[in-house]
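# Architecture at a glance
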Amino acid sequence: MRIPFVAGNWKMNTTVTEAETLVYTMLDQLDNIAGIEIVLCPPFVSLLAINMMLKDFPIKLGAQNMHFELKGAHTGEISPLMLSELCEFVILGHSERRWYFGETDEIVGKKVKAAATNKLKPIFCVGERLEENETGKTKEVISRQITTALADIESVPGLVIAYEPVWAIGTGKAASSEQAADTIGFIRSIVKKIWGKDIAQNLRILYGGSVTSDNIAEFVSQQEIDGALVGGASLKAEEFLGIVKQSAVIKGKSI
Ligand code: PGA
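An account of the accompanying structure is given in this report. Predicted model only: the values in this text are computed from it and were never measured.

### Thoughts on helix 8 (residues 177–195)
Over its 19 residues, helix 8 runs 26 Å from end to end, which matches the ideal 27 Å to within 8%, given 1.5 Å per residue. Those residues of helix 8 that are buried are in contact with strand 5 (121–126), helix 7 (138–150), strand 6 (160–163), helix 9 (197–202), strand 7 (204–208) and helix 10 (216–220). Just downstream of helix 8 lies Gly 196, where phi reads positive at about 95 degrees.

Here is the structure:
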């Protein structure tokens, strides 16, 4: 049984004060939801404050990026060692990092390995761009992204993969749940080839891209889809709570 998983990627939004207010608004209600893993990913500068707020709650914390080196002359970067004192998860390979900040499959692969060796659980993002989708290259692109990142490492404890078609992110134009489930099934088959059946079967794979409280039910109703990586809608307390609650209920958990 795979425990359902919902993560909020706040991206470059919220000051520390705003982040604290958002968490405060959600905390009581999130605390009552069992059987689902909930992860908040605020900007780096809010990690410490939110870490303190979440101390007595089952809600987990993640960062949005990191460097693959442990320390050194990398002005402005944050290392796995620094993060491992503050949070359990880290989003890696998000398409905004790949396309706006030039992160290649190789760089993302190094980051996944650095996370694994420093007790951080990656939320590893993969997904095709619009032209790749339209020219039938989705599976080829995703297969390359996964193989480059995972092929030469034995396992990545706690790994979660997020399938996020680039054309669906922040556009209000989500993939269909059938399309997402089909690609996620394909992702599981790639992981099976690399690491074998057991790891593939137990791996949580999320859908991400314009998820809202109005469409989450369709996605998590698909047996293949274990939850969601939520961007814009995770900045609104009621929306995010709606997404978490529906995911829990549809996956058979009590709230
Ligand atoms: P979105 O972003 O929900 O705003 O489309 C998702 C993501 O980028 O992870």
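Anyway, onward from the coordinates.
### What about a nonpolar patch on the surface?
Together, Val 16, Phe 44 and Val 45 make up an exposed nonpolar region whose accessible area comes to about 250 Å². Mapped onto the elements of the fold, Val 16 is located in helix 1 (residues 16–31).

### Thoughts on the site of the ligand
In the vicinity of the ligand, 13 residues are found, and the nearest of them are Lys 11, His 94, Glu 164, Gly 170 and Ser 210. Separating an oxygen atom of the ligand from a side-chain N or O atom of His 94 is a distance of 2.6 Å. A distance of 2.8 Å separates an oxygen atom of the ligand from a polar atom in the backbone of Gly 231. Of the pockets mapped on this structure, the ligand occupies the second largest pocket.

### Details of the nonpolar core
Core analysis: the biggest nonpolar cluster contains 69 residues, and Phe 124, Ile 146, Leu 150, Ile 161, Ile 187 and Tyr 207 have the highest contact counts within it. If one sorts the elements of this core by residue count, helix 8 sits on top with eight residues. Those residues in contact with Tyr 207 that lie beyond four places of it in its chain are Tyr 163, Pro 165, Ala 168, Ala 174, Ala 175, Ala 180, Ile 184, Phe 219, Ile 225, Gly 227, Ala 228 and Leu 229. Residues Phe 5, Val 39, Ala 162 and Leu 229 belong to the second largest nonpolar core, which totals 12 residues.

### Considering helix 1
Compared with an ideal rise of 1.5 Å per residue, which puts 16 residues at 22 Å, helix 1 spans 21 Å between its outermost C-alpha atoms and is within 8% of the ideal. Looking at the packing, one finds that the buried side of helix 1 touches strand 2 (37–41), helix 2 (47–53) and helix 11 (237–250).

### Describing the packing of aromatic side chains
Aromatic ring pairs are described here by two measures, namely the spacing of the ring centres and the angle between the planes. Under the definition given, this model contains three aromatic pairs. On the numbers, 4.2 Å between centres and 10 degrees between planes, the contact of Tyr 207 with Phe 219 is stacked. In this pair, Tyr 207 is assigned in strand 7 and Phe 219 in helix 10, connecting sequence segments 12 residues apart. Put simply, the rings of Tyr 163, Tyr 207 and Phe 219 pair up and form one aromatic cluster. Over the face of the ring belonging to Phe 101 we find Arg 97, whose NZ or CZ atom lies 4.1 Å from the ring centre. Note that Arg 129 overlies the ring of Trp 99, its terminal NZ or CZ placed 3.6 Å from the centroid.

### Here's the deal with the sheet that holds strand 3 (residues 60–63)
Hydrogen bonds between backbone groups are what pair the strands of a sheet, and the pairing can be parallel or antiparallel. Read once around its circumference, the closed barrel built from eight strands follows the order 1-2-3-4-5-6-7-8, with strand pairing classed as parallel. The mean inter-strand angle of the sheet, taken between neighbouring strand axes irrespective of direction, is 25 degrees. Strand direction decides the pairing type here: strand 1 (residues 5–9) and strand 8 (residues 227–230), joined by four bridges, are parallel. Its bridge partner being in strand 8, Gly 8 is matched across the sheet by Val 230. The strands that helix 5 (residues 105–116) touches are strand 4 (89–92) and strand 5; relative to strand 4, the one it contacts most, it runs at about 170 degrees. Contacts from helix 11 reach strand 1, strand 2 and strand 8 within the one sheet, and its direction differs from that of strand 1 by about 165 degrees.

Criteria and thresholds
- Going along each chain's sequence as written, the residues are numbered from 1 onward.
- Given that the model is predicted, a residue must reach a pLDDT of at least 70 before its local features are reported, and side-chain atom pairs must reach 80 or more before they are shown or counted; all residues, however, enter totals for whole chains, interfaces and linings.
- Heavy atoms throughout the structure, all of them, feed into the side-chain values; hydrogens and water do not.
- Helix numbers and strand numbers start at the N terminus; a helix is a DSSP run of H or I with at least 4 residues, a strand a run of E with at least 2.
- Here a helix's expected span is defined as the number of its residues, less one, multiplied by 1.5 Å.
- Any two residues having at least one pair of non-hydrogen atoms within 4.5 Å are treated as being in contact.
- Patch members must show over 30% relative accessible area and no salt bridge, and they are joined within 9 Å when carrying like charges or within 5 Å when they are nonpolar side chains of Val, Leu, Ile, Met, Phe, Trp or Tyr.
- Note on areas: these come from Shrake-Rupley sampling with a 1.4 Å probe, and a residue is covered only by the protein chains present in the view.
- Any carboxyl oxygen of Asp or Glu within 4 Å of a side-chain nitrogen of Lys or Arg constitutes a salt bridge here.
- The near set for a molecule or strand comprises every residue that places at least one heavy atom within 4 Å of it.
- We call two N or O atoms a polar contact when they sit within 3.5 Å, provided that within protein one can donate a hydrogen and the other can accept it, with sequence-adjacent residues counted only if both atoms are side-chain atoms.
- Space inside and on the surface of the protein is sampled on a 1 Å grid over the protein atoms alone, with a cavity defined as a set of points where a 1.4 Å probe fits but cannot get out and a pocket as an open set with protein on both sides within 12 Å along at least 5 of 7 lines; lining residues have an atom within 4 Å of a point.
- More than half of a molecule's atoms lying within 2 Å of a cavity's or pocket's grid points is what places that molecule inside it.
- Within this scheme, the nonpolar core is defined by two criteria: the residues are buried Ala, Val, Leu, Ile, Met, Phe, Trp, Tyr or Cys, and they are joined through side-chain atoms within 4.5 Å.
- Each residue's exposure class comes from its accessible area (1.4 Å probe, protein chains only) as a fraction of the maximum for that residue type: buried when under 20%, exposed when over 50%, partly exposed otherwise.
- Under the pairing criterion, centres of Phe, Tyr and Trp rings, with the six-membered ring standing for Trp, must be within 6.5 Å; the plane angle then separates stacked pairs below 30 degrees from edge-to-face pairs above 60, leaving the rest tilted.
- Should the NZ of a Lys or the CZ of an Arg lie within 6 Å of a ring centre and within 35 degrees of the ring normal, that charge is described as sitting over the ring.
- Only strands joined by at least two bridges in the DSSP assignment are considered to pair.
- Axes here mean lines fitted to C-alpha atoms, for a helix over just the part in contact, with angles spanning 0 to 180 degrees between N-to-C directions.

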